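Inside the fold
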Protein chains: 2
Amino acid sequence: MAQKIAILGTGSVGRTFAERLTSLGYDVTIGTRNVDDTLVKTKTDSSGNVPLTTWLEERNTIRLATFTEAAQQASILFNCTKGDASVDVLTAAGAENLDGKILIDVANPLDFSNGFPPSLSVCNTNSLAEEIQRAFPSLRVVKTLNTMTAALMVNPALLVGDHAVFVCGNDEGAKQETAKLLEVFGWKSASIIDLGDITNARATEMLLPIWVRLYGKFKTPIFNFQINTDAAGQ
Amino acid sequence: MAQKIAILGTGSVGRTFAERLTSLGYDVTIGTRNVDDTLVKTKTDSSGNVPLTTWLEERNTIRLATFTEAAQQASILFNCTKGDASVDVLTAAGAENLDGKILIDVANPLDFSNGFPPSLSVCNTNSLAEEIQRAFPSLRVVKTLNTMTAALMVNPALLVGDHAVFVCGNDEGAKQETAKLLEVFGWKSASIIDLGDITNARATEMLLPIWVRLYGKFKTPIFNFQINTDAAGQ
């Protein structure tokens, strides 16, 4: 039986994961706060996403459910919400439905209240991933993929040549399962950099300020960080 | 006549620039707070640097002077001080000796008060480079090279393959002169990424948290960030 995955968040990042995971044979449920409220929307949103109803019509194996229902039946959850909503969404899903499960946190605590480029609502001595881990101690939080655009997260082959994906979290088993999923997406084992425990999310979330500026400069989100470690003469 | 450059800071970063710039034909003066106090030291410091007296004996074209004297005679200054000392050092150099000059700021506001890894003493909506620029409005501050170890700053060929150096600042002419110096060090023009005005220093200084963690992981500082922009099928 296909592994059951819950996607928290109905925006472009959540949809990108839902579609890719479905095409790879996973059983995907997208979670939302209120299914009826979500399905009744008929307008393209401010980010250019078509109404979810329309999107789901063309992808009839992807289910829509409440955060609670999506979390209940899944073994792995993806946090594809906006950073300032993440803890609220997980609270709505219910701590009892998160116990022992893996949360792959790809969100960032971006603060657009002063326009572009955004600042971070939490950073330096704290991070979104740590806030989530503290709020849900028995959830196995793995921070990864948050340092690139969604299309690259699920399909690294969109870039020629090597580029890096960072992973951190307190649970070794959860990181290993996450790494397997990353390899299913197409990530090379050598490109997966395990930084250690969840406090290292500070470092990866703090890559966002330069990411948004490079996006502004390049006018395309199809780029990623690579770490050159190829010392001359070795 | 050789261009006169002042190096502010007598630690390993300052020495790396002084030695490299001298070997490239520049006229280099290292600035320090009190020349006699610096020269009287006879012990290797906590970072493993030999006493400056010993170091200078083997490099007799490099002068040592006060911050004031070093700044007075130079057209370009390198800020190689610790971030928490930078504004104090420039104040000691004297605003009247900085007017219209280029400061290449390679420092970072690292806070080691809670051990390793350090946090940043300023970030997110502010940066060290902006603090320097605000304190000395007629100084032409260019932030660059702060995202890698000193040996790579002055000799990018220590890594095989491409890697990036970010530049930002409010003065276009100062950035152009800085880019020329970077190319003298061996940086390829295509590797120099101009992010825009000095507020972009927030983004490059915020790379330090992941840099220090990667250093901890790799056990060598000889690595650098590269931005992969090579989209497939283009």
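Residues numbered from 1 in each chain as written. Chains lettered and ligands numbered in written order. Predicted model: local features only at pLDDT ≥ 70, side-chain atom pairs only at ≥ 80, totals over all residues. Heavy atoms only, no water.

The name given to chain A in an unreviewed UniProt entry is NAD(P)-binding domain-containing protein, with the source organism recorded as Spirosoma profusum.

Residues and elements named next belong to chain A. Counting buried residues along strand β9 (residues 165–169), 5 of its 5 residues qualify, which places the element largely inside the surrounding structure. Pairing of β9 with strand β10 (residues 192–196) involves 4 bridges; the strand directions are parallel. Within the sheet, the bridge partner assigned to F166 lies in β10 and is I193. (Buried < 20%, exposed > 50% of the residue type's maximum accessible area, 1.4 Å probe, protein only. Helix = DSSP H or I, 4+ residues; strand = E, 2+ residues; numbered from the N terminus. Pairing = 2+ DSSP bridges.)

Spatially, the 8 strands line up as an open sheet ordered β3-β2-β1-β4-β5-β8-β9-β10 (chain A), and their pairing is mixed. Here the strands that pair on one side only, and so sit at the sheet edges, are β3 (63–66) and β10 of chain A. Neighbouring strand axes in the sheet, compared pairwise and without regard to direction, differ in orientation by 25° on average. The pairing of strand β1 (residues 4–8) of chain A with strand β4 (residues 76–79) of chain A spans 4 bridges and is parallel. Bridging from a neighbouring strand, I7(A) pairs with F78(A) of β4(A). Set on the sheet, helix α8 (residues 172–185) of chain A makes contact with β4, β5 (102–105), β8 (140–144), β9 and β10 of chain A; between it and β8(A) the angle comes to about 40°. In the packing of helix α10 (residues 208–218) of chain B onto the sheet, contacts are made with β9 and β10 of chain A, and the angle to β10(A) comes to roughly 95°. (Axes fitted to C-alpha atoms, helices over the stretch in contact; angles between N-to-C directions. Contact = heavy atoms within 4.5 Å.)

Next up on the list: the UniProt feature "domain: Pyrroline-5-carboxylate reductase catalytic N-terminal" (unreviewed entry) in chain A. Those places that UniProt annotates as "domain: Pyrroline-5-carboxylate reductase catalytic N-terminal" (unreviewed entry) correspond, in this numbering, to residues 4–109 of chain A. Secondary structure across residues 4–109 of chain A divides into 37% helix and 22% strand, with the first and last C-alpha atoms of the span separated by 27 Å. (UniProt positions renumbered as here; feature names shortened; annotations may be inferred.)

Before going further, it helps to spend a moment on the packing of aromatic side chains. What describes a pair of aromatic rings is the distance from one ring centre to the other and the angle between the planes of the rings. In total, this model carries 10 aromatic pairs over all chains according to the counting rule given. Here the aromatic rings of F17(B) and F78(B) are separated by 4.6 Å at their centres, their planes lie at 35°, and the arrangement is tilted. Note that F17(B) is positioned in helix α1 (residues 12–23) and F78(B) in strand β4 (residues 76–79), a separation of 61 residues in sequence. Given the relative accessible area of 0%, F17(B) is considered buried. Looking at F78(B), the relative accessible area reads 1%, which means it is buried. Measuring from ring centre to ring centre gives 5.2 Å for F218(B) and F223(B), while their planes differ by 80°; the resulting arrangement is edge-to-face. A residue is classified by how much of its surface remains accessible, and F218(B), at 25% relative accessible area, is partly exposed. Take F223(B): its relative accessible area is 1%, and that puts it in the buried class. Put simply, the rings of W211(A), Y215(A), F218(A) and F223(A) touch in pairs and so form one group of aromatic residues. (Phe/Tyr/Trp six-rings, centres within 6.5 Å; stacked < 30°, edge-to-face > 60°.)

What follows is about the pattern of salt bridges. All names here are of chain A. Summed over the entire model, instances satisfying the criterion amount to 20 salt bridges over all chains. Residue E19 pairs with R59 through a salt bridge whose shortest N-O separation is 2.9 Å. Pair noted here: E19 is in helix α1 (residues 12–23) and R59 is in the loop between α3 (52–57) and β3, with a separation of 40 residues, a long-range link. Note that K143 is salt-bridged to E205, the shortest N-O span being 2.7 Å. With K143 in strand β8 and E205 in helix α9 (residues 201–205), this residue pair connects regions lying 62 residues apart in the sequence. With relative accessibility at 1%, the residue K143 sits in the buried group. Residue E205 is classed as buried on the basis of its relative accessible area, which comes to 1%. (Salt bridge = Lys/Arg side-chain N within 4 Å of Asp/Glu carboxyl O.)

So, on to the interface of chain A and chain B. Quoted interface sizes are often the accessible area lost when the parts come together. Facing 40 residues of chain A, the contacting portion of chain B comprises 40 residues. Here chain A packs against chain B, burying approximately 3,200 Å² in sum over the two surfaces, 65% of which is carbon and sulfur. Among the residues of chain A in contact with chain B, I210(A), R213(A) and N228(A) are the three that bury the most area, contributing 19% of the side total. Taken together, the connections running from chain A to chain B amount to 0 salt bridges. Run the count over chain A and chain B and you get 17 residue pairs in polar contact (both at pLDDT 80 or more). If you list the elements that add at least two residues to the side of chain A that touches chain B, you get β7 (119–120), β10, α9, α10 (208–218) and β11 (224–228) of chain A. It is α10(A) that contributes the most residues to the side of chain A that touches chain B, 6 residues altogether. Residue composition of the side of chain A that touches chain B, by class: 22 nonpolar, 12 polar and 6 charged. Pairing geometry for β11(A) and strand β11 (residues 224–228) of chain B, over 5 bridges, is antiparallel. Note on β11(B): the bridge partner recorded for N228(A) is N224(B). (Buried area = accessible area lost by both parts, 1.4 Å probe. Polar contact = N/O pair within 3.5 Å; in protein donor to acceptor, adjacent residues only side chain to side chain. Nonpolar A, V, L, I, M, F, W, Y, C, P; charged D, E, K, R; others polar.)

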